[in-house]
Amino acid sequence: MKMGVDLVIIYMMMMFGPWVLLCLGIMGLVLISFGKKEARWVIKILGSVILCIILWAFVNVINYIIVYESMWYGIWLALCLTVTVVTVIVQWINKKLLKKKPIHWAKKLAAYVVFYAITLFVLWKGLKPYLEPYPSNWLATNKVYRELAYELYNLELDCYEYERIHKGSDGEIVISFEEHSYLSDHILRRTLQQRDYIVIKTAVEEYMEVNESFQGNKINLDFRIGGSGGPLCSIYNFDPETGEIGTEVPRWFAEGIYANNCTELAEFYHDFSKISASIETIDDMQELANLRNLTYLHLYVGGAVREDKELEKQYLEELNTLLPDCEIHLNQYNIEIRPAWEEFSD
C-alpha cells in the first residue's frame, strides 16, 4: 500500500528506533560500569551499529521516494547519500590510516552544500527538460503495465491526472485518476470531466487492441476527487455485478457519472451498455434515442422531476418509449448514487 513520505519516515523510526535506543542504553550501562577508557571499543562498535541503522533507514526512505514519489528526485538523493558516505570513508582513511592532516569541518560542510546545490540545479534545470516525463510511481507499477501507465500519464486531460495502476480484489486491472481541476463554472467542469473520461477510455481501448496480453482483461477506470481521495465514478469494460465481459462487442459500463444533460450522455456514452448518472436536466431526453447499445439506464434528476411524482412518471414513460429494449430507472434509491448538485454545492 502506498504511503506518504512522512508516514514512511514515522514507520522507519518505529522500526529502527528501538534498536538505536537499545544500543544507546547498552552504551550508557557500559560507561557507568567500566568508565570511558575501558569501554571505548564497545562504544565504537555500538556507535558504528547506530550509524549503520541510520544509513539503512535513509536508504529505505530514499528507495520509497524513487519508487513511489519522484524517480528523479529520489535518484538525486541517492547520489548525494552515496557521495557523502564515500567521502566520509575516504576522509577517515586519510586521517586514521594515512595520518594526513584533516580538512576543517566548515570547509567540508561548505563543499557538501555546494555539491548538493549544483547537482540539484543541473538535474532540475539542465537535465529534467530532456528527461522523459514518467509517472512519479512508475517504478512501483508492474512491468506489464508500465507502457500503458506512461501513455496515460502523458494524456492531455482537462480535469484529471493519472495516479496509478493496480490489481483489484476480483482480479480486474484498476487504473486510478485524481481530479486536479477546481473550476468555479460547474457546467463547464462537468463537460470537461465527461471529455476526460472518454479520452482515457479511448486510450485504453486502443492500447488493448494492439497489445494481445491485455485483451480479455477486466478494466476499471477509477476516478477520484482530488485532495480527499474519495471515489467519484467508475467506468468498466465488464459488468461489475456479474463480472461478464462482452465478447463480440466491447461492453462499457459507467457508474456515478455527473453530466449536465441527456445531450452529453448521448454524445459521450453512445457505445455504453449500462449507465448510472446524475443529470441537471432531462428536457433533452430525445437525444437518448442515439444510445443504441444501451441495455440499462439509471438517471437521477433533481428539481421538479424529483418533487412531482406525476411528472416523473410521465418522463419514465417517454424514456421507455425512446429505449424500448432498455431497463430504465428514474430517481430511485436502490442504486447508491450521489446527485451532482450535492457534489458541487460543497
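Everything that follows concerns the structure shown earlier in this document.
As the structure is a computational prediction, the values presented were derived from the model and not from experiment.

Novice: What am I meant to see in the nonpolar core here?
Specialist: The nonpolar side chains of soluble globular proteins are, as a tendency, buried together. Counting 55 residues, the largest nonpolar core has I175, L265, Y269, I282, L288 and L299 as the members making the most contacts within it. Of all the elements, helix α6 (residues 186-210) adds the most residues to this core, at eight residues. By size, the runner-up hydrophobic cluster in this structure holds 11 residues, among which are V20, C23, I50 and A57.

Novice: Would you mind showing me how to read a negative patch on the surface here?
Specialist: Residues E147, E151, E206 and E209 make up a contiguous surface patch of negative charge. When residues of the negative patch are traced back to their parent elements, those giving at least two are α5 (146-153) and α6. Along the chain, E209 falls in helix α6. A relative accessible area of 61% places E209 in the exposed class.

Novice: I tried to follow a nonpolar patch on the surface on my own but got confused; where do I start?
Specialist: Among the surface-exposed residues, I89, W92, I93, L97 and L98 lie close enough to one another that they form a single nonpolar patch of about 510 Å² accessible area. Structurally, the position occupied by I89 is in helix α3 (residues 71-96).

Novice: What exactly am I supposed to notice about the pairing of strand β2 (residues 173-179) here?
Specialist: Walk down a regular strand and you will see the side chains alternate between the two sheet faces. Among the seven residues of β2, six are classified as buried, and the element is accordingly described as predominantly covered. With seven bridges connecting them, strand β1 (residues 160-167) and β2 associate as antiparallel partners. Paired with H166 across the bridge in β2 is V174. Counting the residues that bridge the hairpin from β1 to β2 gives five residues, and of these G171 lies at a positive phi of roughly 90 degrees. Bridging between β2 and strand β3 (residues 219-224) involves six bridges; their strand directions are parallel. Across the sheet, the residue bridging to F177 is F223, located in β3. Traced from β2 through α6 to β3, the parallel crossover comes out right-handed.

Novice: Looking at this structure, how should I read the packing of helix α2 (residues 40-69) against α3?
Specialist: To describe two helices that pack against each other, one gives the angle between their axes and the distance between the axes. The interhelical angle for the contact between α2 and α3, taken along N-to-C directions, is 155 degrees, at an axis separation of 7 Å. By the criterion of interaxial angle, the relationship of α2 to α3 is roughly antiparallel. In the crossing of α2 with α3, the sense of the turn from one axis to the other is left-handed. Contact with α2, carried on its side by L55, F58, V59, I62, I65, I66 and E69, involves M71, Y73, G74, I75, L77, A78, L81 and V85 of α3 and no other residues of that element. Along the lines of polarity and charge, the residues of the contact of α2 with α3 split into 13 nonpolar, one polar and one charged.

Novice: What should I look at first to understand the packing of aromatic side chains in this one?
Specialist: Given two aromatic rings, one states the distance between the centres and the angle between the planes to describe the pair. Inspection of the entire model under this criterion finds 12 aromatic pairs. Ring geometry for Y73 against W76: centres 5.7 Å apart, planes inclined by 25 degrees, an arrangement best described as stacked. A residue pair is termed a helical-turn pair when its members lie 3 or 4 positions apart in one helix, as Y73 and W76 do in helix α3 at three residues. Relative accessible area serves as the criterion here: at 33%, Y73 is assigned to the partly exposed category.

Novice: How should α2 be read in this particular structure?
Specialist: Count 3.6 residues to each turn of an α-helix, and residues three or four apart come out pointing the same way. Given a rise of 1.5 Å per residue, 30 residues ought to cover 44 Å, and the 42 Å separating the end C-alpha atoms of α2 matches this to within 8%. Buried residues of α2: I43, L46, I50, I53, A57, V61, I62, Y64, I65, I66 and V67, and no others.

Novice: How should I be thinking about the packing of α5 against α6 in this particular structure?
Specialist: Relative to each other, α5 and α6 sit at 150 degrees, their axes nearing to 11 Å. The orientation of α5 relative to α6 falls into the category roughly antiparallel. As α5 runs across α6, the sense of the crossing is right-handed. The residues of α6 that touch α5, namely those facing E147, L148, E151 and L152, are I200, A203, V204 and Y207.

Novice: Where do I start with the pattern of salt bridges in this structure?
Specialist: Overall, the coordinates contain seven salt bridges when judged by the stated rule. A salt bridge links E179 to R189; the shortest N-O distance between them is 2.8 Å. Highlighted residues: E179 in strand β2 and R189 in helix α6, separated in sequence by 10 residues. Of the residues examined, R189 reaches a relative accessible area of 8% and is grouped as buried.

Novice: Explanation requested: the environment of V204 in the structure shown.
Specialist: Among the structural elements, V204 can be located in helix α6. The class of V204 is buried, set by a relative accessible area of 1%. For V204, the residues in contact, after removing those within four places along its chain, are L152, I175, I219 and L221.

Thresholds applied
Residues numbered from 1 in each chain as written. Predicted model: local features only at pLDDT ≥ 70, side-chain atom pairs only at ≥ 80, totals over all residues. Heavy atoms only, no water. Core = buried A, V, L, I, M, F, W, Y, C linked by side-chain atoms within 4.5 Å. Buried < 20%, exposed > 50% of the residue type's maximum accessible area, 1.4 Å probe, protein only. Helix = DSSP H or I, 4+ residues; strand = E, 2+ residues; numbered from the N terminus. Patch = residues over 30% accessible without salt bridge, like charges linked within 9 Å, V, L, I, M, F, W, Y side chains within 5 Å. Areas by Shrake-Rupley, 256 points an atom, 1.4 Å probe, with all protein chains shown as cover. Salt bridge = Lys/Arg side-chain N within 4 Å of Asp/Glu carboxyl O. Lys, Arg positive; Asp, Glu negative; His and termini not counted. Charge placed at Lys NZ, Arg CZ, Asp CG, Glu CD. Pairing = 2+ DSSP bridges. Right-handed = clockwise from strand over helix to strand, strands pointing away. Axes fitted to C-alpha atoms, helices over the stretch in contact; angles between N-to-C directions. Parallel < 35°, antiparallel > 145°, perpendicular 65-115°, else oblique. Left-handed = near helix turned anticlockwise from the far one by under 90°. Contact = heavy atoms within 4.5 Å. Nonpolar A, V, L, I, M, F, W, Y, C, P; charged D, E, K, R; others polar. Phe/Tyr/Trp six-rings, centres within 6.5 Å; stacked < 30°, edge-to-face > 60°. Expected span 1.5 Å × (residues − 1).

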